[in-house]
Structures are given as C-alpha cells and as structure tokens.
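Structural overview
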Amino acid sequence: MPRPIQAVVHLDALQHNLNIAKASAPNAEVYAVLKANAYGHGIERVYAAFQSADGFAFLDIEEGKRLRALGCKKPLLLLEGIFALADLFACAKHDMSFAIHSRHQVQWLKQFAEIVPDAQFDVFLKMNSGMNRLGFQPHEYAEIWQELHQLNNVRSITHMTHFSDADGERFGLDGIEYQNLIFSQTIQGLEAETSLSNSAAILRHHQSLHSDIVRSGIMLYGSSPDYPSHSIQDWNLQPSMSLRSEIIAIQDIQAGQSVGYGSNFVAEQAMRIGVVACGYADGYQRISQTGTPVLVDGVRTQTIGRVSMDMLTVDLTELSQTNIGSEVVLWGRSTHGTVLPIDEVAAGSGTVGYELMCGITARVPIQVET
Ligand SMILES: *Cc1c(COP(=O)(O)O)cnc(C)c1O
C-alpha cells in the first residue's frame, strides 16, 4: 500500500464556485484564473469543471498551450504579458492575448510587426493605479494607449488594473476607492472594455465597479479572499481541494510527557495522541502552531507539537472511537460530510489558503472526484 495521504479535487465544488462568481458579476465576462497550475489543482483536472468560464487567465505560455491542447477555444490571457519578443510567435499561433505593462513589451510588438506583418493581437493595457508592481503610471497611460492604437498588429485594447486591497481597507478607506478613481479618471475618453476585479473585488465590490471582464482566482478554489472578515460559508463557496490522510499510530501519554521534535508540546494531563501520515514534505506548513484544526473521522480536533517531515500529531483525547486507519482531513471536505475550510488551517501558520493549495508537493497523489 502507498502511504495513505492523498489530495482530492472536487469538480462539483469548482463548478459551484464558478457559478457563484458568475452570479456575483452577472453583467461581466468571467475569466477563470489558472495560474500556478490552477492553484495547485492541475489545469487538466479542473478544466472540465470550468466549461462555462468565458475565458482563462494564467502566466505561462505553456499553460495556454495545455488549454489549447484540451480543445479550449475561449479567450486566453497572459496576466504578466510576454517575457521576450519570441513569445509573440506562440501568442500568434495559439491566439493568446496578453497584458502590456512596460515599454519594452511595446517595443517587442513593434518589432514583431516587421517580422510577421499579418499577426493580430488583443492586448490588455495594464495601469499601475497604486499597487506599484506592474503597469504604466497614470500620467503616461494615454500616450502608450495612442502608441498601441497606431500599431497594425493590435486588434483591440482592454483597460486593465489590479487592486492591492480589494479584500479590506486601504489607509482606513474602502480598499478599492482610491485605485478605482485613478483608473476611471485615466481612461476617460479612451473608449474600451475594462478588466479590474479579482475574487475579492467580485465578491465585495462588483456593484460599485465597472469591470467588463473579471478575473476570478481564489474564490473558484474554495478559499475566502477576505478571511477572516468572511468565511467560505459566508460567500457560499465550497472547498475544491481536500488533503486527506489517516491515523497510522496512537500513543497514550501521561501528564508531563512531551510529543515530537523539540519537545515543545508537554501534556498537562493524560492524553491520547494520533500520529498522521502527513508532514511538511507533503506541503503541510511546518510552522503551523499547536491548535491548528483538523478533522478526524469528520470530527474537529487539533494538531499537537511540531510538524515533522512525514508526520504530524493530533489530539484524540476526546475521540475514543478513532483508531488506526481513521480518516484525517487536513483541510477540505471529509467523507463524513464535515468541512474544514482551508482558510482556518492557513491561519494556524500565519498564511493564506493560496499558499497551502499551491504547496502540495509532488509526492502527494491527486485524485479527482466528480
Ligand atoms: C492572481 C491574479 C488574479 C486572481 O486573483 P484572486 O485573488 O486569486 O482572485 C487576478 N488578476 C491578476 C492580475 C492576478 O495576478
């Protein structure tokens, strides 16, 4: 038998979550974001569940090729644009649109027009409206817009920006207000479609935004973009990935005895400790603190002591029915129907659901459940 650990991808949940995105942004085209191999789920695994997406967004040309190989005919968008002139051959061949966030990308487009005169591209002009990662400053935006308009190989331009604080506040104000104002002022008179919203903006701000194309990522994968303000239950989202394992050993310990490396957990009373086949080499955060929630046979309990490479330990003191082979859910859905949101587990190590789902390692087999 292989080690009992596995990750399960739930296609019904992915489909459900996409429907929530569509219902939250009813007048927009909803692109499913598939970067980081569909947030760790696997592009080929999730594709069937995203049939009703209006397009797909990702970072790597290879990811786009995989979508085309699956028969995808929908619009594809490279969120960071091209990384070299040569990328434009693949964009032309596979009909991929791309962000333009810098002058050197504009130069490559110009050069490409001389090499392949009949290629046509739909581009997303990226504005740096305040996040200060990618994009043109508002004061140079119109000039670049005009420059792109004069290129024969640019078929359409969509205005694009990205929010830094759609999940909360920014300097005590509503998190999108400042960037949205800059954006709308800058595009005035430059008639085109717009693309602004990520998951947090879709769920929290869609009414107050004009985003013709929304880019939904994390919400599709059953993590709340603004946890702990809202949980997945609040947004009616379902976990799309479950990390499951089993109890492989049980230790009954006395008050004063310690558990695991560093002996940093010491029992205050007699306890029953379960050893789980899951460790940091599977993608479970080593930094997780004692008290991080887990489900054993569908019942909530907590981790105890340090996470090691291949094992972690949980408190079974109150769970006398559990035994070797009992199901352990590190996050997601238990076969008993209970749910442990990935956001609560992420909070136990000071991180976010994104990092946990992207961090499942290669040795964990992934199974798809319809
Ligand atoms: C990752 C990403 C998104 C999706 O963000 P979520 O928070 O996962 O919804 C949208 N737009 C851009 C530019 C991104 O890089």
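Residues numbered from 1 in each chain as written. Predicted model: local features only at pLDDT ≥ 70, side-chain atom pairs only at ≥ 80, totals over all residues. Heavy atoms only, no water.

**A few points about the UniProt feature "binding site: substrate" (unreviewed entry) in the chain**
The cut-off we apply is this: UniProt positions are given in the numbering used here, feature names are shortened, and annotations may be inferred rather than shown by experiment. Secondary structure elements are defined from DSSP: runs of H or I of at least 4 residues count as helices, runs of E of at least 2 residues count as strands, and each element is numbered from the N terminus. Think of it in three bands: with a 1.4 Å probe and only protein chains considered, a residue is buried below 20% of the maximum accessible area for its type, exposed above 50%, and partly exposed in between.
UniProt's feature table lists "binding site: substrate" (unreviewed entry) at R133 and M309, given in the numbering used throughout. Maximum C-alpha separation among the annotated residues is 34.9 Å over a sequence range of 177 residues, too wide for a single clustered spot. Relative to the assigned elements, R133 resides in the loop between β6 (121-126) and α7 (138-149). When its relative accessible area of 61% is taken as the criterion, R133 is described as exposed.

**Digging into the packing of helix α5 (residues 87-94) against helix α6 (residues 103-115)**
Filter applied, for reference: Helix axes use the C-alpha atoms of the stretch in contact, all axes being lines fitted to C-alpha atoms, and the angles between their N-to-C directions lie in the range 0 to 180 degrees. Geometric relationships in this document are graded by angle, where less than 35 degrees denotes roughly parallel, more than 145 denotes roughly antiparallel, 65 to 115 denotes roughly perpendicular, and other angles denote oblique. Working rule for handedness: look at the near helix, and if it is turned counterclockwise from the far one by less than a right angle, call the crossing left-handed; if clockwise, right-handed. By definition in these notes, contact holds between two residues if any of their heavy atoms fall within 4.5 Å. Classification used: nonpolar for Ala, Val, Leu, Ile, Met, Phe, Trp, Tyr, Cys and Pro, charged for Asp, Glu, Lys and Arg, polar for all others including Gly.
Two elements in contact, α5 and α6, have axes separated by 10 Å at closest approach and are oriented at 65°. Between α5 and α6, the angle is such that the two are roughly perpendicular. Considering only the axes of α5 and α6, their crossing is right-handed. In contact with L88, F89 and A92 of α5, α6 contributes W108, L109, F112 and I115. Partitioning the contact of α5 with α6 into residue classes produces seven nonpolar, no polar and no charged.

**A look at the packing of aromatic side chains**
Within a pair of aromatic rings, the relevant descriptors are the distance that separates the centres and the angle that separates the planes. Selection criterion: Aromatic rings from Phe, Tyr and Trp, with only the six-membered ring used for Trp, were paired whenever their centres fell within 6.5 Å, and each pair was classed as stacked if the ring planes differed by under 30 degrees, edge-to-face if by over 60, and tilted otherwise.
On inspection of all chains with the given rule, the structure shows eight aromatic pairs. Plain terms: the ring middles of F112 and F121 are 5.8 Å apart, the flat faces sit at 50° to each other, and that makes the pair tilted. The residues F112 and F121 share a single accessibility class, namely buried. Connected via pairs of aromatic rings, a cluster forms that spans Y39, F50, Y221 and Y354.

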